[in-house]
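# Observations on chain architecture
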Amino acid sequence: MIDADRLKILTNGAKYDVSCSSSGSGRRNAGGLGNAAPAGICHSFTPDGRCISLLKILLSNDCIYHCRYCVNRADSDIPRASATAEEICELTIAFYKRNYIEGLFLSSAVHVSPDRTMEEMVRAVKLLRTVYRFHGYIHLKGIPHADPALVREGAKYADRMSYNIELPSEKSLKLLAPQKTKQSLLLPMRELTAFRREGAERKKGHILPAGQTTQLIVGASPEPDGKILHLAQSLYDRVGLKRVYYSGYVPVVHDGLLPEKPAGALREHRLYQADWLLRFYGFTADELLSESENLAAEYDPKCAWALKNMHLFPVEINRCPAELLLRVPGIGMRGAKRILEARRYAVLRYEDLLRMRIVMKRAKHFITCDGKFFGAEKPARIRRSLVLQGAAENAEQLSLFSSPETALTSLTGEL
Amino acid sequence: MHFYLFDGTAQGFYTAAFLAYADEQAFLACENTQIGLNDMTMPVTNDKDKAERVLKKLREYDRAAEAEIDAVLRSHFSDRAQRAFLYLRLLVRRRGPVRRMHAEPAVEGALDAVRKVRGETHNMTGFLRFTETAGGVMYAPCSPDNDIIEYLFPHFKARFGAQPFVIHDLRREKACLYNGKDAALLPLGKTELVLSDDEETFKNLWRDYYAAVNIPERRRLRQMRGYMPVRYWKFLPEKQP
Ligand code: SF4
C-alpha cells in the first residue's frame, strides 16, 4: 500500500495540471467495478475552487527533463518518489469504492527514459482494467518522445489521453522546455486522433471515448490572448481535440526567465469564457480578436464582441434566428433554448423573460421584446453599464461559472 | 382556499388531483400541513380507481410527465404537491405536453422543482461517501434536501456490480439496501457500524490527498462553498477537522 508521504509528493507534482474532468465517456460496467458518467461528476472541491473528480497522481516525480516552470525538473531540489503500478491500482479502487473519485488521472515525470515511463504507465492502466476489472474513468497522460506503439497500447485502456503543450509558441517552448519540441507533442496527438478514427471505422469503438485534451500555461511567456485562442481554435479544428485547458501560471520555481508574479485569475477566466464561445456559440477566434490582442478585462468576450458589432443589434427576441440569439450578451445556451421553445406558444414580452429567469441586465441593451426596447439608447451608456456589471462580478471573486469544471456548467456554459 | 390533504403517497396525490380537478380554489398538500381559519379541508380517501384514471390520461398526453411529477413531489418545497397539481392540470386541460411553455407560471413552478431535485441528485452522486464495514458492505449516510435516495440508487447499483451497499437517508429515516442481487427500501433509524480494518487508513490517505492537491496560492473559498455547500460537509471525510 502506498504511504502518506509518497502520496503527498506524487500528488504535489501532479496538481498543476488543471484538467480534472471525468466527462465524455459512457463506459459501462462490464462485470467488475465502476462505469463512467457522460456528464462527468465532481466529488469534492478544494479551497482553490477546483473540482476533484479524479485521483490525479504521478507515477514518478523524478524527471530527467528540465522544463523551467516545473517543480519536478531534474535540477530541482525536492524529495523524489515513485509508486508501483500495483499501488496506483489499489489506491484507485479503494478511493473509487468509497465514491471519493470518478477514476484515475495518471501522469508522470520522465523517469529514466520516455519509453520506460510510458511503459510503466501503460502497465498500470492495463492492470487496472484487466486484473482489477475497473471500468471507471481513466485519463492517461502521454509522454513526449515515447514509442508510438506504447502510446497506442495505452489508448486502448484509457477514456482520455492528453499531451500538454503548455507554451503557446515554439519560441517559448524552446526557451522554457528545451527537451520538448512542438513535434514531440503535436505528432502523437495527430496519431491518436487517427487511431481513434480507425477504431470508430472498424467498429471497435471505445478508443479514447472522451477524446484528447491539452493544457496551455497562461502568463509564463509573453504570448497575448489572441495568440492563445487562435492556437486553441486550430487544436479543435485541425487536431481534433475535445478540450483545451488554460492554467494561470503559478510561480513555484524561481527562474530568471520566468515572471515573478502569478497570472491573474481574471485572465484565465476570460480565456475560458472565450473558449466557450469557440466551442458552443459558433464564434471563431478571428471574430473575437486578432493574434496580437488581449481580451478585454472590463467585460466578458461576448459583450466585447457585441459592442464592436452594434449594427447587428437590437434583435427581436420573438423572431431572431437561434445563432444570433446565442450571440446576445447575457443569454446563455439554456436561456436561448428556453426562448426558442417558449416563443412557439406565445409572443414573449419583457416580463415573460424575467419570469423565465433570463438575466436581463446585459441582454436588455441588445434585444427588443415584441418591438419594445428596454436598454440604453447610446452605445457609450451601454458600454458604461456593462463595465459596471463586469466590475461588480470581478469584485465577487468572479462568477461561480469561472471554474471550468462543474459538470452542470460544462454542459450549459452560461455567458 | 380548499385544502385537499392526502397521505403523501403517489396514489393519494393522484386521487386528490382527481377530486380537485375542477376546483379553482384547490390547494393540494400533505396531511400535516397547517391551514388557516378561513380555509376549508376537503377529505381525500385514497381511491385506486380515481388515481388510475388520472394517470392514464397523464400517460396518454405526455409520457415523460409522470417522472417529472414524481420528482416535484420529492422536492423540498412546502407547496410541492400544489406545484405538481397545477402542472398536471394544465397538461390535462391542454391535452399534451406543456413543459416548453416557459412563460406559464404553472410550468415554471413545477420544472423549477424538477431541476432542484435532479440537480441535487447529480451533486449527490459526487458527494455521497461510502465507508467500508467489517462485513464488506459499503455504507453511505446522507441527509439530502430533497427525497432522492431512490434516484441515487440506480446510479450506484450500476457502478457497484455485485458489491453490497446501503444508502441511508438519516433525515427521512429510510434506506436503500442492496445485497449484490436484490434491492429493498426500508425504514431505518440510527445504526451501529463496525468498520473494516483498512477503513481508517484509506480515509486518512484521502484526507492527505485532498490537502495535497490544493494550490494554496489560489484561494477561492467562495467558489468552493458555492459548488459544495457547507451543509453537505458533515458527511465528507476531507472536510472533517
Ligand atoms: S517533463 Fe518537464 S513538465 Fe514534465 S515533469 Fe519533467 S520537467 Fe516537469
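Note that this is a predicted model, so its numbers are computed, not measured.

## Regarding helix 2 (residues 85–97) of chain A
Residues and elements named next belong to chain A.
- The terminal C-alpha atoms of helix 2, which comprises 13 residues, lie 18 Å apart, in line with the 18 Å expected from a rise of 1.5 Å per residue.
- In terms of burial, helix 2 is a largely internal element, eleven of the 13 residues being buried.
- Count one or two residues on from helix 2 and you reach Asn99, which has phi positive near 60 degrees.

## Description of the site of the ligand
Residue and element names in this part refer to chain A.
- Close to the ligand lie Cys63, Tyr65, Cys67, Cys70, Asn72, Arg73, Ala109, Val110 and Lys180.
- When atoms are counted within 2 Å of each cavity's grid points, the one that captures over half of the ligand is the largest cavity.
- Tallied by class, residues from the shell around the ligand come to six nonpolar, one polar and two charged.

## Things to note about the domain arrangement of chain B
Residues and elements named next belong to chain B.
- Here the domain parsing of chain B yields domain 1 (2–119) and domain 2 (128–239).
- Taken together, the eight residues of domain 1 in the interface contact six residues of domain 2.
- Carbon and sulfur atoms make up 41% of the surface buried where domain 1 meets domain 2, a total of about 570 Å² over both sides.
- The interface formed by domain 1 and domain 2 includes two salt bridges.
- Scanning the region where domain 1 abuts domain 2 turns up five residue pairs in polar contact (both at pLDDT 80 or more).
- When residues of the side of domain 1 that touches domain 2 are traced back to their parent elements, those giving at least two are helix 3 (65–73) and helix 5 (105–127).

## Focus on the confidence of the model for chain B
- Scored by pLDDT, chain B has a mean of 94; 100% of the residues are at 70 or more.
- Confidence metrics for the complex model read pTM 0.90 and ipTM 0.94.

## Here we look at empty space enclosed by the protein
Residue and element names in this part refer to chain A.
- Counting across every chain of the model gives six cavities of 30 Å³ or more.
- Quantified by volume, the largest cavity comes out at close to 640 Å³.
- If you trace the largest cavity, you find 35 residues lining it, with Tyr69, Cys70, Asn72, Glu166 and Lys180 closest to the centre.
- Within the residue set of the lining of the largest cavity, elements represented by two or more residues are strand 7 (212–218) and strand 8 (243–248).
- Residues of the lining of the largest cavity, tallied by class, amount to 19 nonpolar, ten polar and six charged.

## Re the pattern of salt bridges
- Per the stated rule, a full pass over the model turns up 48 salt bridges over all chains.
- Where B:Glu199 meets A:Arg98, a salt bridge forms, and the shortest distance between an N and an O atom there is 2.9 Å. Of this pair, B:Glu199 sits in helix 7 (residues 199–213) while A:Arg98 sits in the loop between helix 2 and strand 4 (103–107), placing the two residues on different chains.
- Since its relative accessible area comes to 1%, A:Arg98 is described here as buried.
- Here B:Asp112 makes a salt bridge to A:Arg357, at a shortest N to O gap of 3.2 Å. Note that B:Asp112 is positioned in helix 5 and A:Arg357 in the loop between helix 13 (350–355) and helix 14 (360–363), a pairing that runs across two chains.
- If you follow the salt bridges from partner to partner, you end up with A:Arg357, B:Asp79, B:Arg83, B:Asp112 and B:Lys116 in one network.

## Overview of helix 4 (residues 80–94) of chain B
Residue and element names in this part refer to chain B.
- Helix length check: helix 4, at 15 residues, gives a terminal C-alpha distance of 21 Å against a target of 21 Å (1.5 Å per residue), a fit within 8%.
- Buried within helix 4 we find Ala81, Gln82, Arg83, Ala84, Phe85, Tyr87, Leu88, Arg89, Leu90, Leu91 and Val92.
- Packed against the buried residues of helix 4 are strand 1 (2–6), helix 1 (10–20), strand 2 (26–30), helix 2 (48–61), helix 3 and helix 5.
- Looking one or two residues past helix 4, Arg95 carries a phi angle of roughly 55 degrees, positive in sign.

## Some remarks on the packing of aromatic side chains
All names here are of chain A.
- Overall, the coordinates contain 26 aromatic pairs over all chains when judged by the stated rule.
- Seen in terms of ring centroids, Phe283 and Trp305 are 5.0 Å apart; in terms of plane orientation they differ by 85 degrees. Their pairing is edge-to-face. A residue pair is termed long-range when its members are at least 10 positions apart, and Phe283 in the loop between helix 8 (265–280) and helix 9 (285–288) and Trp305 in helix 10 (residues 301–308) qualify at 22 residues. Like Phe283, the residue Trp305 is buried in the burial classification.
- A ring pair is formed by Phe313 and Phe366, whose centres lie 5.2 Å apart and whose planes are at 80 degrees; its orientation type is edge-to-face. Within this pair, whereas Phe313 is found in the loop between helix 10 and strand 9 (315–316), its partner Phe366 is found in the loop between helix 14 and strand 10 (367–369), the two being separated by 53 residues in sequence.

## Some details on the interface of chain B and chain A
- If you look at the interface, chain B gives 55 residues, while chain A gives 68 residues.
- Buried surface at the junction of chain B and chain A, both sides included, amounts to about 5600 Å², of which 58% is carbon and sulfur.
- When residues of chain B are sorted by the area they lose upon contact with chain A, B:Arg159, B:Tyr209 and B:Tyr227 head the list and together hold 15% of the total.
- Linking chain B with chain A are eight salt bridges.

## Describing the domain arrangement of chain A
- By the assigned domains, chain A splits into domain 1 (4–288) and domain 2 (301–412).
- A straight line from the C-alpha centre of domain 1 of chain A to that of domain 2 of chain A covers 34 Å.

## Examining the sheet that holds strand 5 (residues 137–141) of chain A
Residues and elements named next belong to chain A.
- Taken in spatial order, the six strands make up an open sheet running 3-4-5-6-7-8, and their pairing is parallel. Each of the sheet's edge strands pairs with one partner strand only, and the pair in question is strand 3 (54–58) and strand 8. Across the sheet, the axes of successive neighbouring strands diverge by a mean angle of 20 degrees, strand direction being ignored.
- With three bridges connecting them, strand 5 and strand 6 (residues 160–162) associate as parallel partners. Bridged to Lys141 within strand 6 is Ser162.
- Across the sheet, helix 3 (residues 114–130) touches strand 4, strand 5 and strand 6, and the angle it forms with strand 5 is around 170 degrees.

## Focus: the sheet that holds strand 3 (residues 40–42) of chain B
Residues and elements named next belong to chain B.
- If you walk across this open sheet you meet the three strands as 2-1-3, and the pairing is parallel. Sheet topology places strand 2 and strand 3 at the edges, where each strand pairs with a single neighbour. The sheet shows a mean angle of 35 degrees between the axes of neighbouring strands, direction not considered.
- Sheet analysis places strand 1 next to strand 2, joined by five bridges and oriented parallel. Paired with His2 across the bridge in strand 2 is Ala26.
- Along the sheet face, helix 1 touches strand 1 and strand 2 and points at about 155 degrees away from the line of strand 1.
- The strands touched by helix 4 are strand 1 and strand 2; relative to strand 2, the strand with the most contacts, the crossing angle is about 135 degrees.

## Some words on the pairing of strand 5 of chain A
Residues and elements named next belong to chain A.
- In terms of burial, strand 5 is a largely internal element, five of the five residues being buried.
- Side chains of strand 5 alternate between two faces, with Tyr137, His139 and Lys141 and Ile138 and Leu140 buried alike.
- Inspection of the sheet shows strand 4 paired to strand 5 by four bridges, in the parallel sense. Bridge assignment links Phe105 to a residue of strand 5, and that residue is His139.
- Between the parallel pair strand 5 and strand 6, the chain is carried across by helix 4 (residues 148–157), and the sense of this crossover is right-handed.

About the criteria used
Residues numbered from 1 in each chain as written. Chains lettered and ligands numbered in written order. Predicted model: local features only at pLDDT ≥ 70, side-chain atom pairs only at ≥ 80, totals over all residues. Heavy atoms only, no water. Helix = DSSP H or I, 4+ residues; strand = E, 2+ residues; numbered from the N terminus. Expected span 1.5 Å × (residues − 1). Buried < 20%, exposed > 50% of the residue type's maximum accessible area, 1.4 Å probe, protein only. Near = heavy atom within 4 Å. 1 Å grid on protein atoms, 1.4 Å probe; cavity = no way out; pocket = protein on both sides within 12 Å on 5 of 7 lines; lining within 4 Å. Sits in = over half its atoms within 2 Å of the grid points. Nonpolar A, V, L, I, M, F, W, Y, C, P; charged D, E, K, R; others polar. Domains from an automatic or database assignment. Contact = heavy atoms within 4.5 Å. Buried area = accessible area lost by both parts, 1.4 Å probe. Salt bridge = Lys/Arg side-chain N within 4 Å of Asp/Glu carboxyl O. Polar contact = N/O pair within 3.5 Å; in protein donor to acceptor, adjacent residues only side chain to side chain. pLDDT = per-residue confidence, 0-100. Points joined across faces, edges and corners; volume = space filled by probe spheres on them. Phe/Tyr/Trp six-rings, centres within 6.5 Å; stacked < 30°, edge-to-face > 60°. Pairing = 2+ DSSP bridges. Axes fitted to C-alpha atoms, helices over the stretch in contact; angles between N-to-C directions. Right-handed = clockwise from strand over helix to strand, strands pointing away.

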